[in-house]
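Residue strings, one per chain:
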Amino acid sequence: MCHFGDPNAKVKVALVGNSHAGEWVPAMQQIIKDQHWYLTTYLASRCANADILQKFDTTAHGQACQNWTRQSTNAIVHGGYDLVVMTNRISVTASGQSTIAGSQQPYAQGYLSVLKQFQAAHLSVVGIRDTPAPGNPLIPDCLGAHGTDYSACDFSRAAHLPAEPLTTAITELNDPKVHEVDLTEYICPDATCPAVIGRLPAYFDNSHLSGAFSATLAPYLEPHLVQALTH
């Protein structure tokens, strides 16, 4: 957990998820500065905040992840928040599944369980669709190897945009206070995802948006968050 902004602000926002929620912190910092909000993060590496058992290196690790999901969900429900922002990268399979593709439905149900608790607490929720992940090589390494030929490190949107079980959960919940935001068009404006956008490396590794680029997405995310608070 980390805290940003004025703790006496009238609007309190929670950001929850794994490292792909963490990649939005620079954008969120800009937004709360503009809006005079207060932000608290609930972040756990690799552990998606879906209430299911996820398959990590040990059973104990998987159980700890599920426990964190339940504890963070409870803390948010009772935390006096006005808005919850939620997003994750699915990087491990659901328990009992052998592939990420086969894990989509279990994750959707795990998300639905969490969203129903937010719904019962009358919270406004914005789920951000997961971002494309370029894979190997790491974008900074690729850029370093190709000098000013940035396009050599571009990658395919179709091949690297992950499936999103959060979409399924939000659709099934069908609650006007729970929204999904898809900002893919600002990361991959067409069939190709540029490695460099506005002279900024879009990624700091093979999966996560760079902090500098994340901050540039604040103007596109901000209106969705402001609108969510009106419902």
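In this text, all values refer to a predicted model and were calculated from it rather than measured experimentally.

(A) Highlighting the environment of S91. For S91, the position within the fold is in the loop between β4 (83-87) and α4 (104-120). In this structure, the C-alpha to C-alpha distance between S91 and A163, residues 72 residues apart in sequence, is 11 Å. Leave out the neighbours within four places in its chain, and S91 touches R46 and I100.

(B) Representation of the pattern of salt bridges within the structure. Under the defined criterion, the tally for this structure stands at 2 salt bridges. In this structure, D51 and R70 form a salt bridge, with 2.9 Å as the shortest nitrogen-oxygen distance. Taken as a pair, D51 in the loop between β3 (38-43) and α3 (59-77) and R70 in helix α3 lie far apart in primary sequence, 19 residues in all. For the salt bridge of D130 with R89, the shortest nitrogen-to-oxygen distance reads 3.7 Å. Linking D130 in the loop between β5 (124-128) and α5 (139-146) with R89 in the loop between β4 and α4, this pair joins segments that are 41 residues apart in sequence. A relative accessible area of 2% places D130 in the buried class. According to the relative accessible area criterion, R89 is partly exposed, its value standing at 23%.

(C) View of the state of the cysteines. Per the stated rule, a full pass over the model turns up 3 disulfides. Each sulfur in the disulfide pair C47 and C65 lies 1.9 Å from the other. On the sign convention where negative is left-handed, the bridge of C47 and C65, at about 90° about the S-S bond, is right-handed. Highlighted residues: C47 in the loop between β3 and α3 and C65 in helix α3, separated in sequence by 18 residues. The same class applies to C47 and to C65, which are both buried. A sulfur-sulfur distance of 1.9 Å marks the disulfide that ties C188 to C193. When the S-S torsion is 100°, as for the bridge of C188 with C193, the disulfide is right-handed. Sequence-ordered numbering of the disulfide-bonded cysteines in the chain gives the connectivity 1-2, 3-4, 5-6.

(D) Spatial organisation of the nonpolar core. Within the largest apolar cluster, 37 residues are counted, with the highest numbers of intra-cluster contacts made by W24, M28, L221 and L225. Sorting the residues of this core by element identifies β2 (12-17), α2 (25-35), β4, β5, α5 and α10 (218-228) as the ones contributing at least two each. Residue contributions to this core peak at 5 residues, all from α2. Once residues within four sequence positions are removed from consideration, L221 is found in contact with W24, M28, I31, I128, V181 and L183. Core analysis: the second largest hydrophobic core is formed by 31 residues, F56, V84, A169 and L173 among them.

The rules we used
- Residues numbered from 1 in each chain as written.
- Predicted model: local features only at pLDDT ≥ 70, side-chain atom pairs only at ≥ 80, totals over all residues.
- Heavy atoms only, no water.
- Helix = DSSP H or I, 4+ residues; strand = E, 2+ residues; numbered from the N terminus.
- Contact = heavy atoms within 4.5 Å.
- Salt bridge = Lys/Arg side-chain N within 4 Å of Asp/Glu carboxyl O.
- Buried < 20%, exposed > 50% of the residue type's maximum accessible area, 1.4 Å probe, protein only.
- Disulfide = S-S within 2.5 Å.
- Core = buried A, V, L, I, M, F, W, Y, C linked by side-chain atoms within 4.5 Å.

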